[in-house]
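Residues per chain are reported as follows:
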Amino acid sequence: MLPKEASEFLSMELAKRNKPYTDAVVYIDIISSLLDKMGQTTAAKLLKEIPHSRATMTRHISRISENVREKLKQKLNRCDSVSICLDETTDITDESQLLMYVRGVILNGEAEAFEEMLQLQCLPTRTTGADIYKVVMATLQEFNLTEKLFRITTDGARSLCGHINGLNGRMLEIIPGLRHYHCILHQTALSAKFLSELPAPKKAFKIINGLRGGHNSLTHRSLKRYLEENKAPYKDLLMYTEVRWMSRGKALKRLFDLRKEITSFVHRKDVKISEELKKLTSSRKFWKEIAFFTDITGRLNDLNLSLQVFFIPPLFFEIIMVFR
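Remember, it's a predicted structure, so these values are computed and weren't measured experimentally.

Draft legend 1. Fine view of the overall build of the protein chain. When helices and strands are counted, the protein chain shows 14 helices and five strands. Rg of the C-alpha trace for the protein chain: 26 Å, well past the compact-globule value of 20 Å for 324 residues, more than 25% over. With respect to the principal axes defined by its C-alpha atoms, the protein chain has extents near 70 × 70 × 45 Å. For the protein chain, the proportion of its 324 residues judged to be buried stands at 40%. Carbon and sulfur atoms make up 55% of the accessible area of the protein chain, which totals about 19400 Å². Distance between charge centroids for the protein chain: 7 Å, based on 50 positive and 38 negative side chains.

As structure tokens, then:
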């Protein structure tokens, strides 16, 4: 293998594993050092001759990206109809990102369906329906998909599903009869959010926060030691995180599985927790309600994960919507 081909292979492997381009220097140094220690001096010298700077890796990735994009264009040109799904989100730098996926159907003998990422576009300023519409239409025109599009899937944001100024309303003006669907993953997220507003789950999260949240470090350490001494099925409770809504079901399940240990622990003299919550843990009615909500949220989590495995590539499954 020539040094250039080896460099391209290295950049491809870095991209597949979602690694920084600068890691190429680290890998080359480590492997060449190992070869030297194994007596493979010639192989180590050849390895160091492979171009592996960050700029080189960037150029290779850019060429690979252009090649993939051109192949996707050719594939979409063979499609009889396509549908897209998109979502707008904000990254850790507060930059708004619009992510689009396309699903195409090729009717050539046997029907062939495929799904690929179509576009990842930064929205530099506002995220109104007009701004998103411009990006979507520019992408559709670039891939010649305007006449082939028959369905679009979004979440429930007004900028996306609005019938007048939203993306849906603007798209209907250009493509009459376009079908719009509300993403099923977002529907399940809204359902789970509604469950959290009910009295029983609220009280359950208060118990969890009272035992291991905020400034309750001493109580939290005591709880972990107590669970370990009593050989509980788990060594700690799980905190509920609003952003990751599937943690709601996991936190409730962990609390319910530790109900006996939690009940006995909160009645100890050295545990600083409100009397209301102490009485609550002794209520059979409360634990029956928690069992019910644990089952419901668990089934919602299972539905979410099954959809992710079936529809969504593993590198993007936390942020992409699916088609129905």
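On we go.
Draft legend 2. Examining the environment of Glu242 more closely. The residue Glu242 is located in the loop between helix H10 (217-229) and helix H11 (247-257) in this model. For Glu242, a relative accessible area of 46% puts it in the partly exposed group. C-alpha of Glu242 to C-alpha of Leu190: the two residues are 52 residues apart in sequence and 12 Å apart in space.

Draft legend 3. Looking closely at the side chain of His60. Its place among the elements puts His60 in helix H4 (residues 54-77). Excluding residues that lie within four positions of it along the chain, His60 makes contacts with Lys4, Ser7, Glu8 and Ser11.

Draft legend 4. Layout of unusual backbone geometry. The phi dihedral of Asn144 falls on the positive side, at around 55°, and the residue is not glycine. Inspection of the secondary structure puts Asn144 in the loop between helix H5 (129-142) and strand S4 (149-154). Note on Asn144: relative accessible area 54%, which makes it exposed. Unlike most non-glycine residues, Lys231 shows phi in positive territory, near 55°. One can find Lys231 in the loop between H10 and H11.

Draft legend 5. The arrangement of the packing of helix H9 (residues 199-212) against H10 in detail. Interaxial distance between H9 and H10 falls to 6 Å at its minimum, and their mutual angle equals 100°. Regarding the angle of H9 to H10, the classification is roughly perpendicular. Of H10, the residues touching H9 (which contributes Gly210, Leu211 and Arg212) are Thr219, His220 and Leu223. Across the contact of H9 with H10, the residue classes tally to two nonpolar, three polar and one charged.

Draft legend 6. Focus on the pairing of strand S1 (residues 81-90). Two elements, S1 and strand S2 (residues 96-108), share 10 bridges in a ladder whose sense is antiparallel. Within S2, the residue paired with Asp87 across the bridge is Leu99. Connecting S1 to the antiparallel partner S2 that follows it, the hairpin turn spans five residues, and Asp94 within it adopts a positive phi of roughly 65°. Two strands pair when backbone bridges link them, and S1 and S4 are joined in this way by four bridges, in the parallel orientation. By the bridge assignment, Cys85 is partnered in S4 with Thr153.

Draft legend 7. Expanded view of the sheet that holds S2. In space, the five strands of this open sheet follow the order S3-S2-S1-S4-S5, with mixed pairing throughout. Of all the strands in the sheet, just strand S3 (110-123) and strand S5 (179-182) have a single pairing partner and so form its edges. Along the sheet, successive strands turn relative to each other by an average axial angle of 20°, direction set aside. Against the sheet, H4 touches S1, S2 and S3, its axis set at about 135° to S3.

Draft legend 8. Structural detail: the nonpolar core. Counting 30 residues, the largest nonpolar core has Ile207, Leu211, Leu255, Ile262 and Ile290 as the members making the most contacts within it. When sequence neighbours within four positions are dropped, the list of residues in contact with Ile262 reads Ile207, Leu211, Leu223, Leu237, Leu255 and Thr281.

Draft legend 9. Expanded view of the packing of aromatic side chains. Summed over the entire model, instances satisfying the criterion amount to four aromatic pairs. An angle of 15° between the planes, with centres 4.5 Å apart, marks the rings of Phe205 and Tyr240 as stacked. Here Tyr240 lies in the loop between H10 and H11 and Phe205 lies in helix H9, a separation of 35 residues in the sequence. With a centroid separation of 5.3 Å and 50° between ring planes, the pair formed by Tyr226 and Phe265 is classed as tilted. Of this pair, Tyr226 sits in helix H10 while Phe265 sits in helix H12 (residues 259-266), and the two are 39 residues apart along the sequence. Exposure class is identical for Tyr226 and Phe265. Each is buried.

Cut-offs applied
- Residues numbered from 1 in each chain as written.
- Predicted model: local features only at pLDDT ≥ 70, side-chain atom pairs only at ≥ 80, totals over all residues.
- Heavy atoms only, no water.
- Helix = DSSP H or I, 4+ residues; strand = E, 2+ residues; numbered from the N terminus.
- Rg over C-alpha atoms; globule rule 2.2 N^0.38 Å.
- Buried < 20%, exposed > 50% of the residue type's maximum accessible area, 1.4 Å probe, protein only.
- Areas by Shrake-Rupley, 256 points an atom, 1.4 Å probe, with all protein chains shown as cover.
- Lys, Arg positive; Asp, Glu negative; His and termini not counted.
- Charge placed at Lys NZ, Arg CZ, Asp CG, Glu CD.
- Contact = heavy atoms within 4.5 Å.
- Axes fitted to C-alpha atoms, helices over the stretch in contact; angles between N-to-C directions.
- Parallel < 35°, antiparallel > 145°, perpendicular 65-115°, else oblique.
- Nonpolar A, V, L, I, M, F, W, Y, C, P; charged D, E, K, R; others polar.
- Pairing = 2+ DSSP bridges.
- Core = buried A, V, L, I, M, F, W, Y, C linked by side-chain atoms within 4.5 Å.
- Phe/Tyr/Trp six-rings, centres within 6.5 Å; stacked < 30°, edge-to-face > 60°.

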